[in-house]
Amino acid sequence: MEMEIEFLGVGEACDPTCYNTALLVAAGRGATRQYILLDCGFTTPHRYFLCRHDPDQLAAVWISHFHGDHFLGIPLLLLRFWEMGRTRPLLLLGPSGVGGKVEQAVKLAYPFFRQRLRYPLRYIEVGSDTELVEAGCRWHFAAMEHAQPSLGVHLAADGVSLFYSGDGRATVASRFLAEGCHCLVHEAYGLEEAPPNHGTVAQCLSLAAESGCRRLALVHVGHAARTRLMSELPAMVERAGLKGKVFLPEPGEVWRL
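Residues numbered from 1 in each chain as written. Predicted model: local features only at pLDDT ≥ 70, side-chain atom pairs only at ≥ 80, totals over all residues. Heavy atoms only, no water.

With that out of the way, let us pick up empty space enclosed by the protein. Taken as a whole and assessed by the stated rule, the structure comprises one cavity of 30 Å³ or more. A volume near 40 Å³ is recorded for the largest cavity. Looking at the lining of the largest cavity element by element, the count peaks at three residues for helix α6 (residues 201-211). Of the residues assigned to the lining of the largest cavity, the class counts are three nonpolar, two polar and two charged. (1 Å grid on protein atoms, 1.4 Å probe; cavity = no way out; pocket = protein on both sides within 12 Å on 5 of 7 lines; lining within 4 Å. Points joined across faces, edges and corners; volume = space filled by probe spheres on them. Helix = DSSP H or I, 4+ residues; strand = E, 2+ residues; numbered from the N terminus. Nonpolar A, V, L, I, M, F, W, Y, C, P; charged D, E, K, R; others polar.)

Next up, the structure:
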């Protein structure tokens, strides 16, 4: 029973030091180990390739929604894989339209590159009622409350589970998927207040308490609020009765579940 999460980035779109929120998930052991990238924003490819030299290691990319800090790193990811000689097919999963959006982004970023790609791309469109097994994990999805259609994802493998919100406030459906998970990674743009369609730390703490998750990672915190949160989070966690369960991960941090 093993799942590993590397926080390639934990910041929102304009955070200059914490990089765009993206998770690299490794599930399983030995020859069955599979690597999945959850979201791929502007800064993600450079963070991914910083310590990785096997172009065929990554099995799948999940795109929660089509805001730039969550998917516009895809063209560079594909280009670098091509440059490194990748041959393994790459699975890309996301909301309705994922194939067209990725193909359009690649065409805009690198015209005439797509026909030179030597490895296949496979697309799977999903919705909140989709269930599937891919890349060694069982996948479930839930709509989030966000400015554009956005999905949270629940991954389970070998008795270990992770829920990643992407962007947006929790919904009834996402709360259901978060129940009892080993790790809840949730967007928390503000402390107690946030722009419409974004989550808050207070809401995430409430969700963690209700869901019974084993640990909560707060990501996508507004860069202007992050310093304040670092000083105020211990007291907020104490009041919520979640001492030892709530964390503010740093870029490059690795968790083993």
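The buried fraction of strand β11 (residues 183-187) is high, at five of five residues. The two faces of β11 match: C183, V185 and E187 on one face and L184 and H186 on the other face are all buried. In terms of strand pairing, strand β10 (residues 160-164) meets β11 through three bridges, oriented parallel. Paired with L162 across the bridge in β11 is C183. For the segment spanning β10, helix α5 (residues 172-178) and β11, crossover handedness is right-handed. The pairing of β11 with strand β12 (residues 216-219) spans four bridges and is classified as parallel. Bridge assignment links E187 to a residue of β12, and that residue is V219. Once the chain exits β11 it traverses α6 before rejoining the sheet at β12, and the crossover so formed is right-handed. (Buried < 20%, exposed > 50% of the residue type's maximum accessible area, 1.4 Å probe, protein only. Pairing = 2+ DSSP bridges. Right-handed = clockwise from strand over helix to strand, strands pointing away.)

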